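Structure at a glance
Read off the chains here:
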Amino acid sequence: MSARTTAPLLVAIAATVTVGSGQEPESPPTPTTYAIRDARIVSLAGSPIERGTVVIRDGRIAAVGADAPIPSGAEVIEGDGLHVYPGLFDAISGLGLTEIGAVAATNDSEELGDFSPQLVAAQAVHPASEHIPVARANGLTHALSVPGIGDSPLIPGQASAIHLAGWTVEEMLLSRSVALVVNWPTYRSTSGGPGAFSRQQRSFAEAKKEHDKKVRELAEWLDQARHYATAIEKGKQERVSRDLKLEALVPVTRGELPVVVNADGEREIKEAIEFCDEQRLRMILAGGAEAYKLADLLATHKVPVVLGPIQSLPSSEDEPYDIRHTTPAVLHDAGVQFALGTFNASDSRTLPYEIGNAVSYGLEWDTALAAVTRTPAEIFGLADQVGTLEVGKVGNVIVTDGDPLEIQTTVKYLFINGRLTSLENRHLRLYEQYRARPTK
């Protein structure tokens with residue numbers, strides 16, 4: 001066997017420094033074969049292997065096991081004292097769409113108008129975003145890039161699953177479209193949208209009227225999409241003008257594409273479940289600040305949930321102070337499938353520590369790890385590609401010196417699409433720059 005041993009990380013991959021580093025672009029390196037040996041392996045597809053080998057070849061996981069053979073010519077990473085996990089997955093993020101929230105020119109997460117189902121996040125992803133290498137440094141290898149999630153617009157577009165490395169979005173794509181995004185209408189007690197010079201209080205009746213109007217419009221769009229599909233199926237294309245919005249809604253009405261419904265309040269979540277039942281839509285709840293009140297209902301209707309950040313305040317002063325921390329355990333105990341998302345670009349790097357905090361409030365550690373690896377892959381139909389360390393899956397793998405949910409842990413090696421990928425990032429550059437500043 002002529003296996004070679006990999007040099008220390010930053011030296012070994014200096015030639016593969018990727019986007020966002022400020023250096024001149026280089027062509028992606030040709031995938032090679034790597035073997036991480038004598039490491040503790042947590043595959044999430046079975047019991048941990050206390051001392052084993054993971055082989056990555058041609059972008060895929062080629063072998064996992066205590067006695068997995070190392071191919072001739074493989075780059076060998078000595079894993080003694082290290083741990084191997086599947087790459088972490090931010091289930092809802094703004095990665096690639098938002099650079100500086102307060103600078104409009106650096107945001108491309110939504111378009112004008114309430115209904116834009118034809119827009120796909122991948123069309124706007126910026127591969128050179130500085131947030132992407134920062135997220136990688138904490139073990140994230142892929143994410144859902146989600147347009148316009150918030151109070152409005154009603155349908156901002158479709159979410160894309162992306163790898164967190166690549167010079168172009170085509171190189172980064174894991175799946176171009178994984179779900180349609182819907183911001184469920186709320187009962188707004190003030191008039192005037194974001195940026196309005198003044199806002200006025202209004203009655204509940206007025207707020208309900210606006211809410212009901214939006215729900216009706218949503219139902220009407222779905223009905224039109226069904227009629228559009230019927231006309232096309234019956235061979236009436238010549239009499240039907242192509243409509244990209246209706247065309248984008250057709251897979252949703254057929255249950256082929258799930259709907260991520262963003263709702264936080266108990267009333268809104270209930271309404272969304274009833275609506276999706278009536279419309280026969282595959283619902284995924286996003287946000288879910290008050291999902292703990294409806295855990296049994298969510299379990300009964302088999303609605304998976306992507307929770308928002310754990311380290312947040314309760315949504316009202318009447319809620320327990322730690323309700324965000326205990327909600328993951330409440331949902332899990334009720335049998336609700338859940339994952340975690342940061343709903344952010346700059347905070348995506350905190351994903352492992354967000355879910356790690358839930359472990360202190362009753363959530364089992366392996367369930368917490370699954371919530372940022374295997375479970376989001378299952379929820380969004382990507383489990384055949386990512387989420388666990390199994391033969392044939394994409395080589396999105398991290399090697400750490402400890403528990404990836406602990407902030408003290410360091411990611412030593414990171415593979416995306418089977419390529420050893422740089423952990424260099426803007427935060428590290430600034431740290432090293434100011435650490436070396438003159439003291440006198």
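Residues numbered from 1 in each chain as written. Predicted model: local features only at pLDDT ≥ 70, side-chain atom pairs only at ≥ 80, totals over all residues. Heavy atoms only, no water.

**What about unusual backbone geometry?**
- You will see that Asp 38, though not glycine, has its phi angle at about 60°, which is positive.
- Summarising the element assignment, Asp 38 is placed in strand E2 (residues 33–41).
- Although it is not a glycine, Phe 343 sits at a positive phi angle of roughly 55°.
- Inspection of the secondary structure assignment puts Phe 343 in the loop between strand E16 (338–340) and helix H9 (351–359).
- Take Phe 343: its relative accessible area is 23%, and that puts it in the partly exposed class. (Helix = DSSP H or I, 4+ residues; strand = E, 2+ residues; numbered from the N terminus. Buried < 20%, exposed > 50% of the residue type's maximum accessible area, 1.4 Å probe, protein only.)

**Quick look at the packing of helix H4 (residues 204–233) against helix H5 (residues 244–253)**
- Closest axis-to-axis distance for the H4/H5 pair is 8 Å, and the angle between their directions is 95°. In terms of their interaxial angle, H4 and H5 are classed as roughly perpendicular. Of the residues in H5, those touching H4 at Trp 221, Leu 222, Gln 224, Ala 225, Arg 226, Tyr 228 and Ala 229 are Lys 245, Leu 246, Glu 247, Leu 249, Val 250, Val 252 and Thr 253. (Axes fitted to C-alpha atoms, helices over the stretch in contact; angles between N-to-C directions. Parallel < 35°, antiparallel > 145°, perpendicular 65-115°, else oblique. Contact = heavy atoms within 4.5 Å.)

**Re the nonpolar core**
- Counting residues in hydrophobic clusters, the biggest one holds 80 residues, and the most contacted among them are Leu 164, Leu 285, Leu 298, Leu 331 and Ile 355.
- Take this core: its biggest share by element is eight residues, from H4.
- When sequence neighbours within four positions are dropped, the list of residues in contact with Ile 355 reads Ile 310, Phe 338, Leu 340, Leu 363, Ala 368, Ala 371, Val 372 and Leu 405. (Core = buried A, V, L, I, M, F, W, Y, C linked by side-chain atoms within 4.5 Å.)

**Quick word on the packing of H4 against helix H6 (residues 266–279)**
- In contact at an axis separation of 12 Å, H4 and H6 are set at 25° when each is read in the N-to-C sense. Taken as axis vectors, H4 and H6 run roughly parallel relative to one another. Crossing handedness for the pair H4 and H6: right-handed. In contact with Phe 204, His 211, Val 215, Leu 218, Ala 219, Leu 222, Asp 223 and Arg 226 of H4, H6 contributes Arg 267, Glu 271, Phe 275 and Gln 279.
- Of the residues contributing to the contact of H4 with H6, the split by class is six nonpolar, two polar and four charged. (Left-handed = near helix turned anticlockwise from the far one by under 90°. Nonpolar A, V, L, I, M, F, W, Y, C, P; charged D, E, K, R; others polar.)

These figures capture arrangement, not role.
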